Amino acid sequence: MHRAAKLVYLKMTYEVIGTVSQFEVHALIGSVTGTFTQKYEVEFVQTNASDALPMSGNPGYLIGRPIIGAKINVTDLSSLGYLGNTGSVTTILPTSNMKLSIKGVKQQLSNGVWNILAGGSCGTILQGRGHLVEPIRFGEDVYSGCTLSLSFLEQFTRPEMDWTTRCVQYQNIIWENLLNPIGITNEEDRKGLGINFMSNKPDLLAIWPISKINRSSEWVPIQNLINNNFPTTPRGLNGYCYQLLIGQEIEIQYARFGSMIFPQNQIIGAKCNYIYGDVFFMKPNFNIEITQRVRFTDVTPLAETREKLRPYFLVRLPSDFFYPFA
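Residues numbered from 1 in each chain as written. Predicted model: local features only at pLDDT ≥ 70, side-chain atom pairs only at ≥ 80, totals over all residues. Heavy atoms only, no water.

- In the nomenclature of an unreviewed UniProt entry, the protein corresponds to DUF1619 domain-containing protein from the organism Schistosoma curassoni.

1. Remarks on the packing of aromatic side chains
Given two aromatic rings, one states the distance between the centres and the angle between the planes to describe the pair.
Here is step 1: Considering all chains together, one arrives at 7 aromatic pairs under this definition.
Here is step 2: Their ring planes at 65 degrees and their centres at 6.4 Å tell us that W208 and F257 sit as a pair that is edge-to-face. You can see W208 sitting in the loop between β13 (204–206) and β14 (219–223) and its partner F257 sitting in strand β16 (residues 240–257), a full 49 residues away along the chain.
Here is step 3: Look at Y240 and F280: their rings are 4.6 Å apart centre to centre, the planes differ by 40 degrees, and that puts the pair in the tilted class. Of this pair, Y240 sits in strand β16 while F280 is found in strand β17 (residues 264–280), placing the two residues 40 residues apart along the sequence.
Here is step 4: The exposure class assigned to Y240 is partly exposed, which follows from its relative accessible area of 35%.
Here is step 5: Looking at F280, the relative accessible area reads 26%, which means it is partly exposed.
Here is step 6: Grouping aromatic residues by their ring pairs yields a cluster made of Y61, F138, Y254 and F296.
Here is step 7: Across the ring face of W163, the terminal group of R166 is positioned such that the distance to the ring centre comes to 5.3 Å. (Phe/Tyr/Trp six-rings, centres within 6.5 Å; stacked < 30°, edge-to-face > 60°. Helix = DSSP H or I, 4+ residues; strand = E, 2+ residues; numbered from the N terminus. Buried < 20%, exposed > 50% of the residue type's maximum accessible area, 1.4 Å probe, protein only. Lys NZ or Arg CZ within 6 Å of the ring centre and 35° of its normal.)

2. Here we look at unusual backbone geometry
Here is step 1: In this structure, N238 takes a positive phi of about 50 degrees despite not being glycine.
Here is step 2: By the element assignment, N238 lies in the loop between β15 (235–237) and β16.
Here is step 3: For N238, a relative accessible area of 61% puts it in the exposed group.

3. Topic: the pairing of β17
Here is step 1: One ladder, built from 2 bridges, connects β14 with β17; its direction is parallel. Of the residues in β17, the one forming a bridge with Q223 is K271.
Here is step 2: Across 15 bridges, β16 lies against β17 in antiparallel orientation. Paired with Y254 across the two strands is I267, which belongs to β17. (Pairing = 2+ DSSP bridges.)

4. A look at the pattern of salt bridges
It is possible for side chains of opposite charge to pair when their charged atoms get near one another.
Here is step 1: Overall, the coordinates contain 4 salt bridges when judged by the stated rule.
Here is step 2: E249 is the salt-bridge partner of R295, the closest N and O atoms lying 3.1 Å from each other. Of this pair, R295 sits in strand β18 (residues 287–298) while E249 is found in strand β16, placing the two residues 46 residues apart along the sequence.
Here is step 3: Taking relative accessible area as the criterion, R295 reaches 33% and is therefore assigned partly exposed.
Here is step 4: Note on E249: relative accessible area 21%, which makes it partly exposed.
Here is step 5: Salt-bridge contacts for E251 lead to R295; the nearest nitrogen and oxygen are separated by 3.4 Å. Of this pair, E251 sits in strand β16 while R295 sits in strand β18, placing them 44 residues apart in sequence.
Here is step 6: Overlapping salt bridges, with partners in common, bring together E249, E251 and R295 in one network. (Salt bridge = Lys/Arg side-chain N within 4 Å of Asp/Glu carboxyl O.)

Right under this line is the structure:
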């Protein structure tokens with residue numbers, strides 16, 4: 001009997017620019033006999049990176065739990081003290097909600113969820129109440145949104161504007177409602193008022209609820225995002241806005257892994273599509289509905305049923321097994 005390292009754990013801590021700041025080696029020593037299996041584990045941890053994300057299952061997503069999102073953060077090396085360096089580094093940060101307190105103090109809430117509009121009026125920003133929003137929950141298809149009144153839109157236009165300029169202004173307002181809504185949840189603060197926050201949209205989704213932000217392989221990019229660039233410019237004529245952005249459709253693909261009895265749900269893809277339409281704005285008391293649709297698609301390959309041939313048994317009998325016979 002001998003003593004040897006049965007498990008070796010390597011931990012590398014690195015800065016945001018990629019420099020390794022610490023290297024640790026841990027070993028589990030135990031008694032072994034003959035041939036044994038030696039395991040190695042390697043983990044990379046970013047300095048000051050937080051893994052405080054909501055648990056929506058372990059390891060797979062549970063139905064009804066919020067999906068986990070993150071944003072891509074690009075940092076110039078010059079801003080980190082490397083003067084004259086034009087390069088940049090890319091890191092992953094959890095999506096954050098900027099909480100707006102009663103006193104106007106902003107507090108960062110890093111909870112990693114992806115909030116969407118959940119009914120009510122889109123024009124409540126001016127009253128400081130915000131929209132009603134809810135997180136996207138795994139496995140739950142949603143058709144929701146909010147309504148935007150013409151009287152609210154007219155506050156941002158002037159009578160001398162031509163209709164193309166008006167339509168562009170309308171679309172910018174709609175886009176801000178979809179991209180960065182100032183939200184209000186069903187929760188209440190100490191004074192009984194709703195918690196207002198500005199919700200950031202994610203660039204990536206975690207394939208597992210336990211995905212770590214320092215492992216890019218555990219995140220999938222959301223396809224067809226229009227985060228910073230405005231959508232296609234609409235055309236306006238005689239009260240009509242043609243090809244005006246009026247909604248967003250989100251498709252999330254997932255697959256079931258592991259046991260067929262207790263499968264683990266894993267997100268493998270996500271895509272955003274944008275809904276455009278022709279809208280006539282000359283109706284009295286007109287309201288436009290901004291919609292957000294969420295659809296989950298199961299892309300798990302079908303299990304194949306295969307029936308194998310009977311096993312062949314080679315039976316060896318003694319030479320005199322059938323002897324003697326009368």
